[in-house]
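Geometric and topological summary
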Protein chains: 2
Amino acid sequence: MKLATLDNGTRDGQLAIVSKNLKRCTSASAISPNLQSALDNWSDVYSALDALSRKLNDGDIAGKSFEPHLALAPLPRAYQWIDASAYLTHLQRVRAAKGSLQDPQNEKPIMYQGGSDHLLGAEKDIEVTADDLALDYEAEIAVILGDVPKNPTDDEARNAVRLVTQCNDVSLRRLVAGDLQDGFGFFHSKPASAFGPVVVTPDELAANWQAGRVVGRLQSRVNGLLYGQPRTEKEMVFDFYQLIQAAAQTRQLSAGTILGGGTVANTHDEILPISSDGTGFSCIVEARMAEKAADAEQRTPFLKPDDKVSIQFVTDEGEAPFGEIKQKVSLNKAN
Amino acid sequence: MKLATLDNGTRDGQLAIVSKNLKRCTSASAISPNLQSALDNWSDVYSALDALSRKLNDGDIAGKSFEPHLALAPLPRAYQWIDASAYLTHLQRVRAAKGSLQDPQNEKPIMYQGGSDHLLGAEKDIEVTADDLALDYEAEIAVILGDVPKNPTDDEARNAVRLVTQCNDVSLRRLVAGDLQDGFGFFHSKPASAFGPVVVTPDELAANWQAGRVVGRLQSRVNGLLYGQPRTEKEMVFDFYQLIQAAAQTRQLSAGTILGGGTVANTHDEILPISSDGTGFSCIVEARMAEKAADAEQRTPFLKPDDKVSIQFVTDEGEAPFGEIKQKVSLNKAN
């Protein structure tokens, strides 16, 4: 089942079913007004949503054209956004930038509490108040959860994954050091993240959802240039089930919690530009660290106003089940 | 106006108006089903809520008995919980514990993103999964906001404060070091916070709300023993308006954001037990640091199962406008 949240003028948007080919959609508001409500009552509404999805895909309902630029974030305001860092290659590259390399053998799943009250639709501008904040994208896979009890069993973690999508964890690199120096973690450096226009149930991914990992490539482009397409199932040291268990170690998680797997990264020695079958990077700071490691000039610039970022997960069958994140950077100094 | 959220079996509870003396209440669900909904539509519902409040206080409506133990957190699940640290005395004492004292002249408002999806009612147990996590309370004042634009003006910040209450930012001290070592900020060390049974509009506090600060004492007790009663307006280096501006530096804040002012702390040389007119501490780790600084044994223990914590803001007129947080620690190893 594929779902989206359409802009209907409300804070939470309107729940819609999207066809498998992402061409058509139909409102599901008669079943649940919005996605949070559906997640709150998942077992009660699932079969009705599933039946509506079948009708749309079988052509029993014509539906209307699905316009991704009208989609809000699946949960425009969520009760929780937890971003983990399951690809240790990313962590190691970024930490090398700060000179704080740790022994990867000692790693455990780490995660931060992100702001979740203003999440961005797939084609919404990244608005920055200044153009010198070293704006970066981070391409990730994220899951949306049902209720998770404290300290969940393997089965409880496994059964908690309701939906899967991709996201852009927007980062202001110039503010990271200040945030971390305070010792209180990311805050100002992590403004609103953006999410895929479509979220899908794990079964929709069939063999491309395996053991708590999504199987395929996460492509990111800046101004049309391919920056990265690392494999999402490769070197994901902690799968989503393990991340759920880690996140719920001391607390329950409520339905609608969004959990990111962290910036997708595979080990390699490339620098930008990469060839069409290269691996590349899911964020700019890694590309810059690779340049430094190769004794090259750190020439890949951070994002500036009017730059365009695209993030799209693609299966080995060439499908993009979550649609595409396509954002433009805009400078908005006024409040 | 005084408001509370009553348990009606739903995730968000039922909005109720509470009388000025906290003795009676009446459902406001005909106006707004819950507090989040009221905050979403504040300007539309304010006069109706205010009129209902007047009727309750004037005796035109009998209402029913207000039972604080039946109150949920004002927002049982909130879209955001930001906890700042505006009392630098607390920060300095706690940092001394970690040997990382900074020059207070260099301080700016610092804050962390807290988990907001499972907030506790005023009399709900603090459930821990193990008894060796160095469980601590932190007594704070918190405000609940309306929508705040990115980079707000002074006036926008001033007008954003909708409600005021007190809270207990539950902390697992043994897990703090691990969280901070990861560099991603507090996570496992900060399980669900608890809030006062009653939230009030700033005007309700009259002269006890001054220049973005609450005026009075925040009393905390452990097993009936007075641990602290520092003045809330004293040494609050950044007022709530400044904290709002700092929090919204790179992002909007949505209606229903809860913003904590941090553990209330005043400078003094006392150690526990304090006299009835002493100042004391709003958390145990500070009491322990004071013992260390006085070359005394660090004898104030962290909280253990069956311990009771009480937190209550009291005005100089002897009133407790937010009611009382009264929690018991319970050990719940099973998930």
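1. Quick notes on the sheet that holds strand β7 (residues 126-128) of chain A
Residues and elements named next belong to chain A. As summarised here, the arrangement of the five strands in space is β7-β20-β19-β16-β17, forming an open sheet in which the pairing is mixed. Of all strands in the sheet, those bounded by a partner on one side alone are β7 and β17 (225-228). Within this sheet the neighbouring strands show an average axis-to-axis angle of 25°, counted without direction.

2. What about the nonpolar core?
Soluble globular proteins tend to pack their nonpolar side chains together in the buried interior. Membership of the largest hydrophobic core comes to 105 residues, with the highest contact counts inside it found for Leu3, Leu35, Tyr137, Val164, Trp209, Leu243 and Ile258 of chain B. Leu88, Val94, Leu205 and Phe302 of chain A belong to the second largest nonpolar core, which has 104 residues in total.

3. Let's talk about the sheet that holds strand β7 (residues 126-128) of chain B
Residue and element names in this part refer to chain B. Strand order in the open sheet formed by five strands is β7-β20-β19-β16-β17, with mixed pairing between adjacent strands. What marks the edges here is a single partner per strand, and that holds for β7 and β17 (225-228). Sheet twist, expressed as the mean angle between neighbouring strand axes with direction ignored, is 25°. Alignment of strand β16 (residues 217-222) against strand β19 (residues 308-314), held across six bridges, turns out to be antiparallel. Bridge pairing in β19 places leucine 218 opposite phenylalanine 313.

4. Remarks on the relation of the copies chain B and chain A
Between chain B and chain A, which share one sequence, the superposing operator has a rotation angle of 180° and an axial displacement of 0.0 Å; the RMSD is 0.0 Å. Expressed as an axis order, the relation between the two copies is that of a two-fold axis. When C-alpha distances to the rotation axis are compared across chain B, the minimum falls at glycine 185 of chain B, with a value of 1.7 Å. Mapped onto chain A, 100% of the interface residues of chain B are again interface residues, and the two copies thus contact each other with one and the same surface.

5. Points about the side chain of serine 220 of chain A
Residues and elements named next belong to chain A. Its location among the elements puts serine 220 in strand β16 (residues 217-222). For serine 220, a relative accessible area of 0% translates into the label buried. For serine 220, the side chain forms a polar contact with the side chain of tyrosine 137, separated by 3.2 Å. When residues no more than four places from it in sequence are discounted, the contact partners of serine 220 are Tyr137, Ala139, Leu225, Leu226, Tyr227, Gly228, Phe281, Ser282, Ser310 and Ile311.

6. Let's talk about the interface of chain B and chain A
On the chain A side, the residues contacting the 59 residues of chain B number 59 residues. Summing both partners gives a buried area of about 4900 Å² for chain B against chain A, and 49% of it is carried by carbon and sulfur. At the junction of chain B and chain A, the tally comes to six salt bridges. Taking the shortest distance from any N to any O, the salt bridge between arginine 77 of chain B and aspartate 40 of chain A comes out at 2.9 Å. At the boundary of chain B with chain A, the tally comes to 23 residue pairs in polar contact (both at pLDDT 80 or more). Secondary structure elements with two or more residues in the side of chain B that touches chain A: α1 (35-40), α3 (88-98), β6 (111-114), β7, α5 (173-182) and α6 (240-247) of chain B. Ranked by residue count, the leading element in the side of chain B that touches chain A is α5 of chain B, at five residues. Across the side of chain B that touches chain A, the residue classes break down as 21 nonpolar, 23 polar and 15 charged.

Procedures and definitions
- Residues numbered from 1 in each chain as written.
- Chains lettered and ligands numbered in written order.
- Predicted model: local features only at pLDDT ≥ 70, side-chain atom pairs only at ≥ 80, totals over all residues.
- Heavy atoms only, no water.
- Pairing = 2+ DSSP bridges.
- Helix = DSSP H or I, 4+ residues; strand = E, 2+ residues; numbered from the N terminus.
- Axes fitted to C-alpha atoms, helices over the stretch in contact; angles between N-to-C directions.
- Core = buried A, V, L, I, M, F, W, Y, C linked by side-chain atoms within 4.5 Å.
- Buried < 20%, exposed > 50% of the residue type's maximum accessible area, 1.4 Å probe, protein only.
- Least-squares fit on C-alpha atoms with pLDDT ≥ 70 in both.
- Contact = heavy atoms within 4.5 Å.
- Polar contact = N/O pair within 3.5 Å; in protein donor to acceptor, adjacent residues only side chain to side chain.
- Buried area = accessible area lost by both parts, 1.4 Å probe.
- Salt bridge = Lys/Arg side-chain N within 4 Å of Asp/Glu carboxyl O.
- Nonpolar A, V, L, I, M, F, W, Y, C, P; charged D, E, K, R; others polar.

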